[in-house]
Amino acid sequence: MKKTAESGFSLIELLIVVAIILIIAAIAIPNLLQSRIAANQAAAVADLRGITSSNLTYMTMYNEGYATTLAVMAPPSGGGALTSAAAGLIDSDLAAGFRDGYNFTYSPSAADGRGYYQSFTLNANPMKAGVTGNDYYYSDPTFVIRMNTTSTASDSDSPIQ
């Protein structure tokens, strides 16, 4: 009788393959997380630009100064007509103040004699610093977006390039 050789993988061969996969994952996962942070930060800057220009549009359309909140720039619920209370200039998610790992904080200035706001500040802060984003952003009616790497940005921080 002839003895046949068994075919298959040995335990050592399987362990080597698993070790190689783990090494590749250890290299790739941090790069993936950094890519996600960079994408969130780019989206936050784009959203700041969008909100700021939408707010200028709001001021021009309704002749009531800048918006009182982000929510008034959202579309009307149920698809009704556009008004100064539901201007339809930004989407509902952004009007809620959260998107792509960032919180958006909108603050109008003090109202003038007619009750209209002539200025505002807008901040975008990461929901979880180091995880959803690293940088903090600021904008106002000057359309200059400013950045701080350690805490909430303000008008005294450097503009982004």
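Computed from a prediction, not measured in an experiment: that's the story for all the values here.

The rules behind these values
- Residues numbered from 1 in each chain as written.
- Predicted model: local features only at pLDDT ≥ 70, side-chain atom pairs only at ≥ 80, totals over all residues.
- Heavy atoms only, no water.
- Helix = DSSP H or I, 4+ residues; strand = E, 2+ residues; numbered from the N terminus.
- Rg over C-alpha atoms; globule rule 2.2 N^0.38 Å.
- Contact = heavy atoms within 4.5 Å.
- Phe/Tyr/Trp six-rings, centres within 6.5 Å; stacked < 30°, edge-to-face > 60°.
- Buried < 20%, exposed > 50% of the residue type's maximum accessible area, 1.4 Å probe, protein only.

Participant: Sorry if this is basic, but what is going on with the overall build of the protein chain here?
Facilitator: Each helix and strand counted, the protein chain has 2 helices and 6 strands in total. In sequence order, the secondary structure elements of the protein chain are arranged as α-α-β-β-β-β-β-β. The C-alpha atoms of the protein chain give a radius of gyration of 25 Å, which is well past the 15 Å a tight globule of 161 residues would have. Its C-alpha atoms give the protein chain principal-axis dimensions of roughly 105 × 40 × 20 Å. Sequence separation of 24 or more characterises 43% of the internal contacts of the protein chain that already satisfy a separation of 6 or more.

Participant: Sorry if this is basic, but what is going on with the packing of aromatic side chains here?
Facilitator: Note on aromatic pairs: each is described by the distance of the centres and the angle between the planes. Applying the stated criterion to the full structure yields 4 aromatic pairs. Measuring from ring centre to ring centre gives 5.1 Å for tyrosine 58 and tyrosine 62, while their planes differ by 50°; the resulting arrangement is tilted. Placement of the pair is tyrosine 58 and tyrosine 62 together in helix H1 (residues 11-62), with a separation of 4 residues, close to one helical turn. Tyrosine 58 sits in the buried class, given a relative accessible area of 4%.

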